[in-house]
Amino acid sequence: MNTKEKIYLDADAIVDLLGVSKGFAYKIIRERNADLKSKGYIVIAGKVPTKFFQERYYGFGA
């Protein structure tokens, strides 16, 4: 899967990328969206911006 093609990642994509459970992937999304919301950004429930995700997790190279 090439994450550069997608603007947003959903839980299934995070499961594939990190090898975590779907429940944990949703937890990651909620945490990242809370970070963005606290900075004044509008968020989409159940999705996280790919660029922000790559910046926050080691190994994806920005």
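Overview of the structure. (Residues numbered from 1 in each chain as written. Predicted model: local features only at pLDDT ≥ 70, side-chain atom pairs only at ≥ 80, totals over all residues. Heavy atoms only, no water.)

## Remarks on helix α2 (residues 22-38)
Just so we agree on the cut-off: Helix and strand labels come from DSSP, where a helix needs a run of H or I of at least four residues and a strand needs a run of E of at least two; each type is numbered from the N terminus. Multiply 1.5 Å by the residue count of a helix minus one, and that product is the helix's expected span. Throughout this description, buried means an accessible area under 20% of the type-specific maximum (1.4 Å probe, protein chains only), exposed means over 50%, and partly exposed covers the range between. By construction, the arc corresponds to the directions joining the helix axis to the C-beta atoms. Contacts: residue pairs with any heavy atoms within 4.5 Å of one another.
The end-to-end C-alpha distance of α2 is 24 Å, a good match for the 24 Å that 17 residues give at a rise of 1.5 Å each. For α2, every residue scored as buried is listed here: Ala25, Ile28, Ile29, Arg32, Asn33 and Leu36. Down the axis, α2 shows its buried residues gathered within 130° of arc, on one side only. Among the exposed residues of α2, those oriented more than 90 degrees off its buried face are Arg30, Lys37 and Ser38. Here the buried face of α2 lies against β1 (8-10), α1 (11-18), β2 (47-49) and α3 (50-56). Phi turns positive, to about 95°, at Gly40, one or two residues after α2.

## Some remarks on the pattern of salt bridges
The test is simple: One side-chain nitrogen of Lys or Arg within 4 Å of one carboxyl oxygen of Asp or Glu is enough to make a salt bridge.
Taken as a whole and assessed by the stated rule, the structure comprises four salt bridges. In this structure, Asp12 engages Lys22 in a salt bridge whose closest nitrogen and oxygen atoms are separated by 3.0 Å. In this pair, Asp12 is assigned in helix α1 and Lys22 in helix α2, connecting sequence segments ten residues apart. With relative accessibility at 41%, the residue Asp12 sits in the partly exposed group. In this structure, Glu31 engages Arg32 in a salt bridge whose closest nitrogen and oxygen atoms are separated by 3.9 Å. What makes Glu31 partly exposed here is its relative accessible area of 34%. Three or more residues are tied together by salt bridges with common partners; here these are Glu31, Arg32, Asp35 and Arg56.

## Section: the nonpolar core
Note the threshold: We call a set of buried Ala, Val, Leu, Ile, Met, Phe, Trp, Tyr and Cys residues a nonpolar core when their side-chain atoms join them within 4.5 Å.
Among the nonpolar cores identified, the biggest contains eleven residues, and these are Leu9, Ala11, Ala13, Ile14, Ala25, Ile28, Ile29, Leu36, Val48, Phe52 and Phe53. Put simply, the parts of the chain that give this core at least two residues each are α1, α2 and α3. By residue number, the principal contributor to this core is α2, which donates four residues. Discounting chain neighbours no more than four positions away, the residues touching Ile29 are Leu9, Asp10, Ala11, Ile14, Gly46, Lys47 and Val48.

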